Amino acid sequence: MKNKYSVFSLIKNALSQHENWQQAWGNPEPKKDYDAIIVGGGGHGLATAYYLAKKHNLKNIAVLEKGWIGGGNTGRNTTIIRSNYLWDASAGLYDHALKLWENLSQELNYNVMFSQRGVMNLAHNLQDVRDLKRRTHANRLNGIDAVWLNTEEVKKFCPIINTSPNIRYPVLGGTLQRRAGTARHDAVAWGYARGASDMGVDIIQNCEVKGIKRTGDKVEGLETTKGFIKTNKIGVVAAGHSSVIANMAGLKLPLESKPLQALVSEPVKPIIDTVVMSNAVHAYVSQSDKGELVIGAGTDSYVSYTQRGSHNIVEETLKAILELYPIFSRMKMLRQWGGIVDICPDASPIISKTNIKGLYFNCGWGTGGFKATPGSGDLFAHTIANDEPHKLNAAFNLNRFVSGDLVDEHGAAAVAH
Amino acid sequence: MFLINCPFCGVRDQSEFSSGGEAHIVRPKQPTELSDDEWAEYLFMRKNIKGIQFERWNHAHGCRKWFNVVRDTSNDKILSVYKMGEKPPVNYK
């Protein structure tokens, strides 16, 4: 590391009024050609570039970002990290990511504020109880920590939840993954950007891709707002805009892009020290280190790229929050926003080659991509470098929509869609 | 969040409607003849356009009838509404 962050560097820089901190990542103009170009400078894209440089010895890499790094869904999600997915393929993928999270601050020499405060999923009816119990068993068979809590144990773990049997959707129990938690979303993008930039990766912001040049079934380079850039490996990690980029190469993807909303309240003193999710009533809540309640709402039902979302979606979520947490009835919401999420028909991601040589897609993360950031980057880097998927992402290929071998996590994965 | 002019009921809030996704995807006439690729194309692949999209909507909390809408997905502006079976307007590409 050029400029290792430590307590000594903190003291040293404090003595000069923090005016001499080195820039964390470079701001280069694009070169004429690269060994690989990553389209999209969010967490997943920057992580991909980082692991390509670190583990696969590719140094001549660029990350193209049409806005600023981490300004898309990386900066818009509710930062929940967990790996309690039902199916083996998903469990492998998300737990790989969770293991990388556990050491990420040390790995990047950047505090990503990973906090294993636990994620609790509530059950509100008998079918929820059966499904969630089944999932805890499936998780434990895959070596993922999961426990079932009855109503009293839920109340003990998170005392502000209303466990009265008289509410519309009473709490009948819940599952808890203690290793799950949250992280600081911006820090993840910045940490990977700094690490990648340090290894020579060019991070080029304000550079939008306008076209993909190909001859026959091979990619030749990218048309961008900063001119043509030659490369024969393109990794697209463009989230909600994946279909737009695919369209440039004449490809169609099994995706629909929809607004997903979140909101934060005014900051208050610590009141909830875990993450609580509820699929049935569609409400999830945690508290940031600044004290804001971070609340996740649902997606709109229609395709849109507006980054807004509808009012009735937020209204539904807040109704559910108020029933479960009457203590929040006088909280004021500070901000609300939307991010455009690319949803696959089976609610699982795509980390895959395509039938065009040198063109790779990492997309379809839908409503839950943040948790996978390190794992997604690591596996996508492997796929790009070797032109073959890693065994952990082999099931997440594009061809599964033809073969029918779907990884159907809809409703099965404690996902609040 | 926007208003939709239902061709049967008039202007209503979008929350009364349910989205049926991309329009004019023709159901295969002879399903038994289809290859896996063609099935994948029919079932899963979507244009997912950023811009002018032709789509189906259902007035779920109203007359419960289906109809088509031309909408710009980059700003949610509705450009045209037409009934099922009618030819899509030609002035939008």
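Residues numbered from 1 in each chain as written. Chains lettered and ligands numbered in written order. Predicted model: local features only at pLDDT ≥ 70, side-chain atom pairs only at ≥ 80, totals over all residues. Heavy atoms only, no water.

Participant: So what's going on with the overall build of chain B? Which residues, and what values?
Facilitator: If you tally the helices and strands in chain B, you get 1 helix and 6 strands. For chain B, the sequential pattern of α-helices and β-strands runs β-β-β-α-β-β-β. Expressed along its principal axes, the backbone C-alpha trace of chain B runs to roughly 40 × 25 × 25 Å. For chain B, the proportion of its 93 residues judged to be buried stands at 35%. Restricting the contact set of chain B to residue pairs at least 6 apart, pairs at least 24 apart contribute 44%. (Helix = DSSP H or I, 4+ residues; strand = E, 2+ residues; numbered from the N terminus. Buried < 20%, exposed > 50% of the residue type's maximum accessible area, 1.4 Å probe, protein only. Contact = heavy atoms within 4.5 Å.)

Participant: Describe the packing of helix H2 (residues 43-55) of chain A against helix H7 (residues 185-198) of chain A, naming the residues involved and giving the relevant values.
Facilitator: All names here are of chain A. Between H2 and H7, whose axes approach to 9 Å, the crossing angle comes to 30°. As the angle between them shows, H2 and H7 are arranged roughly parallel. You can see that H2 and H7 cross each other, and the crossing is left-handed. For the pair H2 and H7, the contacting residues are Gly43, Leu46, Ala47, Tyr50 and Tyr51 in the first and Ala189, Tyr192, Ala193, Gly195 and Ala196 in the second. Taken together, the residues of the contact of H2 with H7 break down into 8 nonpolar, 2 polar and no charged. (Axes fitted to C-alpha atoms, helices over the stretch in contact; angles between N-to-C directions. Parallel < 35°, antiparallel > 145°, perpendicular 65-115°, else oblique. Left-handed = near helix turned anticlockwise from the far one by under 90°. Nonpolar A, V, L, I, M, F, W, Y, C, P; charged D, E, K, R; others polar.)

Participant: Talk me through the interface of chain A and chain B; I want residue IDs and the actual numbers.
Facilitator: Contacts between chain A and chain B engage 25 residues on the former and 24 residues on the latter. Each partner contributes to the roughly 2100 Å² buried at the junction of chain A and chain B, and carbon and sulfur atoms together form 54% of this total. Ranking the residues of chain A by area buried against chain B places Lys252(A), Tyr302(A) and Val402(A) at the top, with a combined share of 30%. Close ionic contact of Glu41(B) with Lys252(A) constitutes a salt bridge, the shortest N to O distance being 2.7 Å. Between the two partners, chain A and chain B, sit 11 residue pairs in polar contact (both at pLDDT 80 or more). When contributions to the side of chain A that touches chain B are tallied by element, the ones reaching two or more residues are helix H8 (242-248), strand S13 (256-265), helix H9 (311-324) and helix H11 (400-403) of chain A. By residue class, the composition of the side of chain A that touches chain B is 11 nonpolar, 10 polar and 4 charged. (Buried area = accessible area lost by both parts, 1.4 Å probe. Salt bridge = Lys/Arg side-chain N within 4 Å of Asp/Glu carboxyl O. Polar contact = N/O pair within 3.5 Å; in protein donor to acceptor, adjacent residues only side chain to side chain.)

Participant: So, the pattern of salt bridges: which residues are in play, and what are the values?
Facilitator: Residues and elements named next belong to chain A. Applying the stated criterion across every chain, the model contains 23 salt bridges over all chains. Among the salt bridges present, the one from Arg335 reaches Glu292, with a minimum N-O distance of 3.8 Å. Pair noted here: Arg335 is in strand S17 (residues 333-343) and Glu292 is in the loop between strand S15 (283-287) and strand S16 (293-299), with a separation of 43 residues, a long-range link. Salt bridges sharing partners connect three or more residues here, namely Asp95, Lys99, Glu102, Asp145 and Arg179.

Participant: Residues and numbers for helix H3 (residues 88-101) of chain A, please.
Facilitator: The α-helix winds at 3.6 residues per turn, so residues separated by three or four positions along the chain end up facing the same way. All names here are of chain A. In a regular helix each residue adds 1.5 Å, so 14 residues correspond to 20 Å; H3 covers 20 Å between its end C-alpha atoms and thus fits that length. Those residues of H3 lying buried are Ser90, Ala91, Leu93, Tyr94, Asp95, His96, Ala97, Leu98 and Trp101. Each element contacted by the buried residues of H3 is listed here: strand S3 (80-81), helix H4 (104-108), strand S6 (173-177), H7, strand S18 (350-353) and helix H10 (373-386). (Expected span 1.5 Å × (residues − 1).)

Participant: Give a detailed account of a nonpolar patch on the surface, specifying residues and quantitative values.
Facilitator: Nonpolar side chains collect at one region of the surface, where Val7(A), Phe8(A), Ile11(A) and Leu15(A) lie side by side and expose about 480 Å² of accessible area between them. Structurally, Val7(A) can be placed in helix H1 (residues 7-15). (Patch = residues over 30% accessible without salt bridge, like charges linked within 9 Å, V, L, I, M, F, W, Y side chains within 5 Å. Areas by Shrake-Rupley, 256 points an atom, 1.4 Å probe, with all protein chains shown as cover.)

Participant: Tell me about the packing of aromatic side chains, and please be specific about residues and values.
Facilitator: For any pair of aromatic rings, the description rests on two quantities: the centre-to-centre distance and the angle between the ring planes. Counted under the stated rule, the structure contains 16 aromatic pairs over all chains. Here Phe17(B) and Phe67(B) contribute two aromatic rings whose centre-to-centre distance is 5.9 Å and whose plane-to-plane angle is 85°, an arrangement assigned as edge-to-face. Here Phe67(B) lies in strand S5 (residues 66-72) and Phe17(B) lies in the loop between strand S2 (10-13) and strand S3 (18-22), a separation of 50 residues in the sequence. We note that Phe17(B), like Phe67(B), is buried. Taken together, the ring pairs connect Tyr5(A), Trp21(A) and Tyr110(A) into an aromatic cluster. (Phe/Tyr/Trp six-rings, centres within 6.5 Å; stacked < 30°, edge-to-face > 60°.)

Participant: Which residues make up the pairing of strand S9 (residues 209-215) of chain A, and what values do they have?
Facilitator: All names here are of chain A. By the bridge criterion, 6 bridges tie S9 to strand S10 (residues 218-224) in an arrangement that is antiparallel. Within S10, the residue paired with Arg214 across the bridge is Val219. Taken together, S9 and the strand that follows it, S10, pair antiparallel across an intervening segment of 2 residues, in which Gly216 is found at a positive phi of about 60°. (Pairing = 2+ DSSP bridges.)

Participant: An account of the confidence of the model for chain B is requested, with residue identities and associated values reported.
Facilitator: Confidence in the prediction for chain B averages 95 pLDDT; 99% of positions are at 70 or higher. Among the prediction metrics, the complex's ipTM stands at 0.95, with pTM recorded as 0.96. (pLDDT = per-residue confidence, 0-100.)

Participant: Before we move on, can you summarise the sheet that holds S9(A) with the specific residues and values?
Facilitator: Residue and element names in this part refer to chain A. Taken in spatial order, the 3 strands make up an open sheet running S9-S10-S11, and their pairing is antiparallel. Unpaired on one side and paired on the other, S9 and strand S11 (227-230) mark the two borders of the sheet. Across this sheet, the average inter-strand angle for adjacent strands is 25°, counted without regard to direction. Relative to S11, S10 runs antiparallel, the two sharing 4 bridges. In the sheet register, Gly221 faces S11, and the bridge partner there is Lys230.

Participant: Just give me the short version of the sheet that holds strand S8 (residues 202-204) of chain A, but keep the residues and values in it.
Facilitator: All names here are of chain A. Spatially, the 6 strands line up as an open sheet ordered S8-S2-S1-S12-S19-S18, and their pairing is mixed. Across the chains shown, the open sheet's two edge strands, defined by having one partner strand only, are S8 and S18. This sheet shows a mean twist of 15° between the axes of neighbouring strands, independent of strand direction.

Participant: Requested: an account of the nonpolar core, with residues and values cited.
Facilitator: Residue and element names in this part refer to chain A. Counting residues in hydrophobic clusters, the biggest one holds 46 residues, and the most contacted among them are Trp101 and Tyr192. Considering every element that reaches this core, the biggest residue donor is H2, with 7 residues. With residues up to four places along the chain from it excluded, the contact list for Tyr192 reads Gly43, Leu46, Ala47, Tyr50, Tyr51, Leu104, Leu108, Thr373 and Pro374. In terms of nonpolar packing, the next biggest core, distinct from the first, is built from 31 residues, Val39, Ile212, Ile229 and Ile234 among them. (Core = buried A, V, L, I, M, F, W, Y, C linked by side-chain atoms within 4.5 Å.)

Participant: Explain unusual backbone geometry residue by residue, including any values.
Facilitator: Phi is positive for Asn109(A), which is not a glycine, with a value near 50°. Its location among the elements puts Asn109(A) in the loop between H4 and strand S4 (119-123). Overall, Asn109(A) belongs to the buried group, its relative accessible area being 14%. If you check the backbone angles, Asn48(B) has positive phi at about 50° while not being a glycine. Looking at the element boundaries, Asn48(B) is found in the loop between helix H1 (36-43) and strand S4 (52-58).

Participant: How would you summarise the packing of H3(A) against H10(A) if you had to cite specific residues and measurements?
Facilitator: All names here are of chain A. Between H3 and H10, whose axes approach to 7 Å, the crossing angle comes to 110°. If you check the angle between H3 and H10, you find them roughly perpendicular. Taking contact as the criterion, the partners of Leu93, His96, Ala97, Leu100 and Trp101 in H3 are, on H10, Thr373, Pro374, Gly375, Asp378 and Leu379. Across the contact of H3 with H10, the residue classes break down as 6 nonpolar, 3 polar and 1 charged.

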